[in-house]
Amino acid sequence: MPPYEREIEALHELFVDWYCGEATEEEFDRLPAATAPSFEMITPDGNVVPREAVIEGVRDSYNKYDPGEFDIEIRNVEVRETLPEYALVRYEEWQDGPDGETGRLSTVLFREDGDAPLGLVWVELQETWLER
């Protein structure tokens, strides 16, 4: 599996484990370690969310679901462009929970960082709703 795909999969596995109350605080520390200080997420609804708000929003959602009640599937990871130390990557994120399935087309800008869990930090993330 390419490094960008490994990073995307690993971070989303953390989200599933955290939201289902199966991750530890130590495991949660992966999220701040994998996001650049300047990280922002643009939600599917067009809201710009700074890094600290993203981290706190995930933290506050601990044990939101019962184990097995929520899952995320990553599909169609595609490296769109690479530059020295950076890569632009697009993927589909499909979430399945009690309210049904939702999909997002996500584009992330990664930067190489030897201190990050898998050597990459998320710099920018843009999500757009996908139809089923």
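Rules used throughout
Residues numbered from 1 in each chain as written. Predicted model: local features only at pLDDT ≥ 70, side-chain atom pairs only at ≥ 80, totals over all residues. Heavy atoms only, no water. Helix = DSSP H or I, 4+ residues; strand = E, 2+ residues; numbered from the N terminus. Rg over C-alpha atoms; globule rule 2.2 N^0.38 Å. Buried < 20%, exposed > 50% of the residue type's maximum accessible area, 1.4 Å probe, protein only. Contact = heavy atoms within 4.5 Å. Areas by Shrake-Rupley, 256 points an atom, 1.4 Å probe, with all protein chains shown as cover. Lys, Arg positive; Asp, Glu negative; His and termini not counted. Charge placed at Lys NZ, Arg CZ, Asp CG, Glu CD. Salt bridge = Lys/Arg side-chain N within 4 Å of Asp/Glu carboxyl O. Expected span 1.5 Å × (residues − 1). Pairing = 2+ DSSP bridges. Axes fitted to C-alpha atoms, helices over the stretch in contact; angles between N-to-C directions. Polar contact = N/O pair within 3.5 Å; in protein donor to acceptor, adjacent residues only side chain to side chain.

What follows covers the overall build of the protein. Along its length, the protein carries four helices and six strands. Helices and strands in the protein line up, N terminus first, as α-α-α-β-β-α-β-β-β-β. For a compact globule of 132 residues, the expected C-alpha radius of gyration is about 14 Å, and the protein comes in at 14 Å, within 12% of that figure. Each principal axis of the C-alpha atoms in the protein carries an extent, and together these give about 40 × 35 × 30 Å. The 132 residues of the protein split such that 39% are buried. Taking contacts inside the protein between residues at least 6 apart in sequence as the whole, the part at least 24 apart equals 51%. As displayed, the protein has an accessible area near 7300 Å², and 45% of this comes from carbon and sulfur atoms. With 11 positive and 33 negative side-chain charges, the protein shows a spacing of 4 Å between the two charge centroids.

Below, the discussion takes up the pattern of salt bridges. Tallied over the entire structure, the rule returns ten salt bridges. Put simply, Arg-51 and Glu-52 hold a salt bridge, and the shortest N to O gap is 2.7 Å. A relative accessible area of 15% means that Arg-51 is categorised as buried. Look at Glu-52 and you get partly exposed, because its relative accessible area is 46%. Of the charged contacts in the structure, one is a salt bridge between Arg-111 and Asp-113, with a shortest N-O distance of 3.9 Å. Through salt bridges with shared partners, one network takes in Glu-25, Glu-56 and Arg-59.

This paragraph deals with helix H1 (residues 3-19). Counted at 1.5 Å a residue, the expected span for H1 with its 17 residues is 24 Å, and the 24 Å between its end C-alpha atoms agrees. Backbone geometry just downstream of H1 places Gly-21 in the positive-phi region, at approximately 70°.

Across the sheet, which stays open at both edges, the six strands sit in the order S2-S1-S6-S5-S4-S3 with mixed pairing between neighbours. Edge strands, defined here as strands with exactly one partner in the open sheet, are strand S2 (48-50) and strand S3 (71-83). Direction aside, the axes of adjacent strands within the sheet are offset by 20° on average. For strand S5 (residues 100-112) and strand S6 (residues 120-130), the ladder comprises ten bridges, and the chain directions are antiparallel. Bridge pairing links Arg-111 to Val-121 in S6.

By the element assignment, Thr-35 lies in strand S1 (residues 35-42). At 3.1 Å, the side chain of Thr-35 and the backbone oxygen of Leu-31 are in polar contact. Looking at Thr-35, its side chain comes within polar contact range of the side chain of Arg-51, at 3.0 Å. Setting aside anything within four residues of it in sequence, one finds Thr-35 in contact with Arg-51, Ile-55, Val-121 and Trp-122.

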